[in-house]
Each structure stands twice: as C-alpha cells, then as structure tokens.
Amino acid sequence: TQSTTNALNGSVGSHTIMGTMGPVLHWLARRTLFQAAILLCILVLLLWVSVFLYGSFYYSYMPTVSFSTPVHFYYTSDCDASESALCSFPIANISFMKNDRDQVMAYGQPYRISLELELPESPVNEHLGMFMVKFSAYTKGGATVSSVGRSTMLHYRSSLLQTLATLVFSPFLLTGMAEQKQLIEVELYSDYKANTYQPTVGAVIEIQSKRVQIYSSQLRIHAYFTGIRYVLYNFPLTSAVIGVATNFAFLSVIVLFSYLQFIWGGLWPPDQVRVRVMMGDNTLIGAMNEPSDVHGSEAEPEPASKEPTMTSDTSGGVGQDAPCDSVTPEETNSSEGLNGCQTRQPDETCLRQRPGPWMSL
C-alpha cells in the first residue's frame, strides 16, 4: 500500500512538473523567436545601409568613364566657291556639360581625347594629302585653356588594291551594305587634365582644309584610371563585396557598442549616495539621489530624535551602510576620500559613498 502511495505521489509530482514546464518552455520559445526576428531585422537594416553607403561613395567618387558626342561642322557659304572648295574651314563647337549642368571631365583625372573622321575614298580626298585638325578647349568665360593641332590623311591604297576590293565587295556595294570610305582616328590628347581653377566646359574643333569631304565625325573622351579608381572600374564585383563587407562590419561594431552602453548604462552613476552629517552628539542621515531634481533641492534630513538603523557589513557588499566610526585601517590609509572616511573630528562632515556595481567590472 505504501509503495502504491509513493508511486501515485511520484506520478502526481511528475505531472505537476510537466504542467509547470510546459508554459515555461512555450515562453522561452516565443522569447527566442522574438529575439531572432529582431536580430534578423537589424542585420537586414545594416546590410541595406552598407549597400547604400557603398553605392553613394561609388557614384560620387567615380567620374564619367567615357563620353562621346557627334561633331557637326559648319562653314560659311557666302562666297563664289570654285570647284569643290569651301568658303571657310569647317568648324564645330562642342559642349562638355551634361544636361547643361554636370561637367564631363573631373578635376585631376587624365583623359584621352580623340576625333573620329569618316571620310569617303573620293578623288578629292585622295588628292588632298595631309590636313590639320585644331582643337581648342575653353572655360566658362570663353578663355582658351589649351590648344593643340594634329595632322592626318587618308590611308594609301593602290589602284590595283582598290580594283580588287571593288570586285570582291561588289555584291555588298551594290546592295548598300558596304561603302567605300575610311574611318580615321586623330588622337588630340593622350593625357588631358582639367584645371581646377579654370574648368573646361567646351571646345572648338577646326578642320584646316577647304577641300576636305567628310561624311560624319565623332568626338570621344575616355578616362584612364589609377589607384582606387582603377580597382573600382576594373574589378567592380570584388570592390563591391569588399566595400559592403567593410561598411557592414563597421556599422555592426557601432551597434554592438551602443547596445552594450545601453545595457551597462543602468549601472552608472550609482543610484543613491548616503551622506552623514555629524555635529556634536546629533547624527543626521540624508539621502541624495543622482542626478538631482530640476529644482536642485536637497533631501530633507530626518529628525535627530529618530535613531537610525546602521548595519555593519564586513564584506563591503552593495547596498550596505557601515557606520562612519567603523573604518578599517585599509580605508583609513586610502588616498580616495570617497571610498573611506578619515578619522572623524568634532563638528566635521563625513562623506561616504557606497561601492557601486560598476566597480566590479
């Protein structure tokens, strides 16, 4: 009978424990899921901010890689032109401002500037020989900051080579899929840098020949990067991964230190500082809260007739008040006046601060 009773008691106790542990485990699971959701949201936010910071840095630090614009030449026609000669040199004015606001060339960045000329293989151009291409860059006020001239001409092709090329490409020439023309590239600058104090906003291009025949023309500006810009341009994926990871690590450290400061902030400063004022035979105990209230009023002392309850704790625990007379020799010899009271003299104020929990860190 006793064994049966013990078994029943054990089963009831086990059921009671299981019934108690069920809500606890449920609460722990909900708490864990809630903390995991908060952590996931913080990580996603940090990742998004890291990507945004890297993208902002990339688009603000990297200048325009290449710029291309068509060149439309114009010339005067108010003269009696004989044969195929023009009345003036073909000239064009090019702007280096995107949307009339942003500059194409960044300060201090080297650029390669070239002009592409599409010339027909006409008898006029073949007998033209060499001709000059002049490039003049100017500022916003119209002052010329740089000027250069380059010579060019059609590539030589013999009569036999022209005849063979015409026979071979005759089907394409008849259908209009090919033309008898040459594309000539004239390098104007190989390392052009815009002046910081006199930014380049445009250029004037002049073909110094009145007999040249041009199909079309294109001005190309290409940047040559060095240092960090070279890495960002030639290795964009690697640079993006490294940049986002660096920003994510930096932001994670900031968030971690902020969290630790929030957790440890409740331990500093101490909640309460006891002040004992001893004057003669009367003992007054006052409490001073940190920080003080808005009006800066001091705590009212308790009546002198009320005997304070003083407890002595030799272990120096937190929240224990020790009488000012019971001072150990170590506290007496200490150089810090707030950690221990010196030998009390008559009519002398004694200040003692309890050790706070932060001192154990």
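Residues numbered from 1 in each chain as written. Predicted model: local features only at pLDDT ≥ 70, side-chain atom pairs only at ≥ 80, totals over all residues. Heavy atoms only, no water.

J.: Explanation requested: the overall build of the protein chain in the structure shown.
T.: If you tally the helices and strands in the protein chain, you get 7 helices and 13 strands. Residues classed as buried in the protein chain amount to 25% of the 361 residues present. Pairs at least 24 residues apart make up 71% of the contacts formed inside the protein chain by residues separated by at least 6 positions. (Helix = DSSP H or I, 4+ residues; strand = E, 2+ residues; numbered from the N terminus. Buried < 20%, exposed > 50% of the residue type's maximum accessible area, 1.4 Å probe, protein only. Contact = heavy atoms within 4.5 Å.)

J.: Got a minute to help me understand the sheet that holds strand S5 (residues 111–120) in this structure?
T.: Where strands meet in a sheet, backbone hydrogen bonds hold them as pairs that are either parallel or antiparallel. The 4 strands lie next to each other as S1-S10-S5-S8, forming an open sheet whose pairing is antiparallel. The outermost strands of the open sheet, each flanked by one partner alone, are strand S1 (66–70) and strand S8 (181–192). Strand-to-strand, the axes of this sheet are offset by a mean angle of 15°, without reference to chain direction. Note: S5 against strand S10 (residues 216–223), 8 bridges, orientation antiparallel. Bridge assignment links Glu116 to a residue of S10, and that residue is Gln218. (Pairing = 2+ DSSP bridges. Axes fitted to C-alpha atoms, helices over the stretch in contact; angles between N-to-C directions.)

J.: I'm lost on the UniProt feature "transmembrane region" (unreviewed entry) in the protein chain in this one. Help?
T.: Under the feature "transmembrane region" (unreviewed entry), the UniProt entry names residues 33–54 and 240–268. Helix makes up 100% of residues 33–54 and strand makes up 0%, while its end C-alpha atoms are separated by 32 Å. (UniProt positions renumbered as here; feature names shortened; annotations may be inferred.)

J.: I would appreciate a short explanation of the environment of Glu187 in the present structure.
T.: Of note, Glu187 is situated in strand S8. Look past the residues within four positions of Glu187 in its chain and what remains in contact with it is Arg112, Ile113, Ser114 and Arg150. In this structure the side chain of Glu187 is engaged in a polar contact, spanning 2.8 Å, whose partner is the side chain of Arg112. (Polar contact = N/O pair within 3.5 Å; in protein donor to acceptor, adjacent residues only side chain to side chain.)

J.: Help me understand the pairing of S5, please; the structure alone is not making it clear to me.
T.: Here is the key point about a regular strand: its side chains alternate between the two faces of the sheet. Within S5, 9 of the 10 residues are buried, which leaves it mostly tucked inside the rest of the structure. Inspection of the sheet shows S5 paired to S8 by 9 bridges, in the antiparallel sense. Bridge pairing in S8 links Leu115 to Val186.

J.: Would you explain the sheet that holds strand S9 (residues 202–208) in this entry?
T.: With antiparallel pairing, 4 strands are arranged side by side in an open sheet as S2-S9-S6-S7. Taken across any chain shown, the strands that pair with only one partner, and hence form the sheet edges, are strand S2 (91–95) and strand S7 (144–152). With direction set aside, neighbouring strand axes in the sheet form an average angle of 15°. Alignment of S2 against S9, held across 5 bridges, turns out to be antiparallel. Across the sheet, Asn93 pairs through a bridge with Val204, a residue of S9.

J.: Quick question: what am I supposed to make of the pattern of salt bridges here?
T.: Between side chains of opposite charge, a pair can form when the charged atoms approach closely. All chains considered together, the criterion is met by 5 salt bridges. With a shortest N-O distance of 3.1 Å, Glu185 and Arg112 are connected by a salt bridge. Pair noted here: Glu185 is in strand S8 and Arg112 is in strand S5, with a separation of 73 residues, a long-range link. Shared partners join several salt bridges into a network, and the residues in it are Arg112, Glu185 and Glu187. (Salt bridge = Lys/Arg side-chain N within 4 Å of Asp/Glu carboxyl O.)

J.: Explain the nonpolar core to me, please; I cannot follow it from the model alone.
T.: Soluble globular proteins: nonpolar side chains tend toward being buried together. Counting residues in each nonpolar core, the largest one holds 36 residues, and the members touching the most others are Phe96, Leu115, Phe135, Leu188 and Leu219. For this core, the elements supplying multiple residues, two or more each, are S2, S5, strand S6 (131–138), S8, S9 and S10. In this structure Leu219 touches Phe67, Ser68, Thr69, Val71, Ile94, Phe96, Ile113, Ser114, Leu115, Phe135, Leu188 and Ile205, once residues within four positions along its chain are discounted. (Core = buried A, V, L, I, M, F, W, Y, C linked by side-chain atoms within 4.5 Å.)

J.: When you look at the side chain of Arg229 in this model, what are you seeing that I'm missing?
T.: Turning to its location among the elements, Arg229 is positioned in helix H5 (residues 228–234). With sequence-adjacent residues up to four places away left out, Arg229 is seen in contact with Tyr61, Met62, Pro63 and Gln109.

J.: Can you walk me through a nonpolar patch on the surface in this structure?
T.: Judged by side-chain polarity, Met21, Val24, Leu25, Trp27 and Leu28 come together as a nonpolar surface patch covering roughly 470 Å² of accessible area. Mapped onto the secondary structure, Met21 falls in helix H1 (residues 2–61). Residue Met21 is classed as partly exposed on the basis of its relative accessible area of 38%. (Patch = residues over 30% accessible without salt bridge, like charges linked within 9 Å, V, L, I, M, F, W, Y side chains within 5 Å. Areas by Shrake-Rupley, 256 points an atom, 1.4 Å probe, with all protein chains shown as cover.)

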